[in-house]
Amino acid sequence: ALPNHFDRPVHLAVIGGTGLGKIDGYVPVAALTPTTPWGAPSSPIMILEHAGVPIAFLARHGLHHQLAPHEVPARANIAALRSIGVRTIIAFSAVGSLREEIKPMDFVIPDQIIDRTKGIRPFTFFEGGVVGHVGFADPFDASLAAVVQKCGAAMRGDGVVLHATGTVICMEGPAFSTRAESNMYRSWGGSIINMSALPEAKLAREAELAYQMICMATDYDCWHTTDDVDVAMVMKYMDANSKNAKNLVGAVLDELCKLENTDMVLAKHWEGSAQGAVKFM
Ligand code: ADE
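A quick note: this is a predicted structure, and the numbers were derived from the prediction, not measured. (Residues numbered from 1 in each chain as written. Predicted model: local features only at pLDDT ≥ 70, side-chain atom pairs only at ≥ 80, totals over all residues. Heavy atoms only, no water.)

Counted under the stated rule, the structure contains six aromatic pairs. With a centroid separation of 4.8 Å and 70° between ring planes, the pair formed by Trp38 and Phe125 is classed as edge-to-face. Note that Trp38 is positioned in the loop between strand E2 (27-32) and strand E3 (45-50) and Phe125 in the loop between strand E7 (112-116) and helix H2 (142-154), a separation of 87 residues in sequence. Given the relative accessible area of 2%, Phe125 is considered buried. Between Trp38 and Phe280 the ring centres are 5.9 Å apart and the planes differ by 40°, which places this aromatic pair in the tilted class. Highlighted residues: Trp38 in the loop between E2 and E3 and Phe280 in the segment after helix H6 (242-258), separated in sequence by 242 residues. (Phe/Tyr/Trp six-rings, centres within 6.5 Å; stacked < 30°, edge-to-face > 60°. Helix = DSSP H or I, 4+ residues; strand = E, 2+ residues; numbered from the N terminus. Buried < 20%, exposed > 50% of the residue type's maximum accessible area, 1.4 Å probe, protein only.)

This brings us to the site of the ligand. In the neighbourhood of the ligand, 13 residues make up the surrounding shell, with Ala94, Val95, Gly96, Asp219 and Asp221 lying closest. Backbone polar atom of Gly96 to a nitrogen atom of the ligand: 3.2 Å apart, as the coordinates give it. Asp221 has a polar side-chain atom sitting 2.8 Å from a nitrogen atom of the ligand. For the ligand, whose accessible area on its own is 260 Å², the fraction buried by protein is 94%. One can see that the ligand is located within the largest pocket. A total of three residues in the shell around the ligand trace back to one element, the largest contributor, which is strand E5 (residues 88-97). Split by residue class, the shell around the ligand holds eight nonpolar, three polar and two charged. (Near = heavy atom within 4 Å. Polar contact = N/O pair within 3.5 Å; in protein donor to acceptor, adjacent residues only side chain to side chain. Areas by Shrake-Rupley, 256 points an atom, 1.4 Å probe, with all protein chains shown as cover. 1 Å grid on protein atoms, 1.4 Å probe; cavity = no way out; pocket = protein on both sides within 12 Å on 5 of 7 lines; lining within 4 Å. Sits in = over half its atoms within 2 Å of the grid points. Nonpolar A, V, L, I, M, F, W, Y, C, P; charged D, E, K, R; others polar.)

Enumeration over the complete set of coordinates arrives at nine salt bridges. The closest approach of N and O atoms between Glu127 and Arg75, which form a salt bridge, is 2.9 Å. Remark: Arg75 occurs in helix H1 (residues 74-83) and Glu127 occurs in the loop between E7 and H2; sequence separation between them is 52 residues. Among the residues examined, Glu127 registers a relative accessible area of 43% and is labelled partly exposed. Shared partners join several salt bridges into a network, and the residues in it are Lys150, Glu255 and Lys258. (Salt bridge = Lys/Arg side-chain N within 4 Å of Asp/Glu carboxyl O.)

Now for the confidence of the model for the protein chain. On average, residues of the protein chain carry a pLDDT of 93, and 98% of them reach 70 or more. Listed scores for the predicted complex are pTM 0.96 and ipTM 0.99. (pLDDT = per-residue confidence, 0-100.)

Turning our eyes to something else, we now look at the packing of H2 against H6. The contact between H2 and H6 brings their axes to 9 Å, and the two run at 125°. Put simply, H2 runs oblique to H6. Seen from above, H2 lies across H6 with right-handed handedness. Where H2 approaches H6, its residues Leu144, Val147, Val148, Lys150, Cys151 and Gly152 are matched on the opposing element by Leu248, Ala251, Val252, Glu255 and Leu256. When its residues are assigned to classes, the contact of H2 with H6 shows eight nonpolar, one polar and two charged. (Axes fitted to C-alpha atoms, helices over the stretch in contact; angles between N-to-C directions. Parallel < 35°, antiparallel > 145°, perpendicular 65-115°, else oblique. Left-handed = near helix turned anticlockwise from the far one by under 90°. Contact = heavy atoms within 4.5 Å.)

When its volume is computed, the largest pocket comes out at roughly 640 Å³. Around the largest pocket, the lining is made up of 30 residues, and of these His61, His65, Pro69, Ala94 and Val234 lie nearest the centre. Of all elements in the fold, only E5, strand E10 (192-194), strand E11 (210-219) and helix H5 (231-240) reach the threshold of two or more residues within the lining of the largest pocket. Looking at side-chain class alone, the lining of the largest pocket contains 17 nonpolar, ten polar and three charged residues. (Points joined across faces, edges and corners; volume = space filled by probe spheres on them.)

Pasting the structure below:
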């Protein structure tokens, strides 16, 4: 069994699920089970070492994919990562495509979000006497996006198609959209759709962390009337492309490991962005 303690701060984290727990060259050295004032995270946090750099892995939907999107304890996840020293998060998500040119198995680095959750998920650390406000005009971290962009471009020869920007619609779920909604999101300028970008991205900002999502299209959502989305389709494309997904995330981590102690990975540019209002340890 792996130890449930690790004696150095872990600056880098990946929030993922399906197929992303084991990446070649990453050795598990600890499995942490921190508790937070917001409860326990979705799964034990695996610490993986790569080139001497520790990386935290957290399965958003739990080890057995037992948590529906609206059940993910997002505050506990972000707080738990923050409490072990995490400053930079790469988050992975399967998404539906709202654009003809974003084909299933394409990757998208979103730079914007439209919130279509229903306000029923606990969505903020700022309550119960803790008052704060954060800017969220640009919900992701541009310097991380640039690293992902570079890694994706270098993998073009392996058949990786990566779209450098995009607006992700985050809907409540767990049911998929109606056709009218899907068409409305297209008219709003949405590129892709998921159920996981929020409140995760917002909580990361409140925790003064650098956060970037990497999305992989698993379907065309239902506006595209060839084949309406269902779970089997999402899983089929996720499986078919899991090698590329692992390679892309692996390449991004390689790059970020080299930058482990730079201001970028330490997210110096986000320090103070939430007035340090929340105490995480
Ligand atoms: N995740 C994967 N495909 C999706 C879709 N079409 N809508 C919402 N979330 C998704």
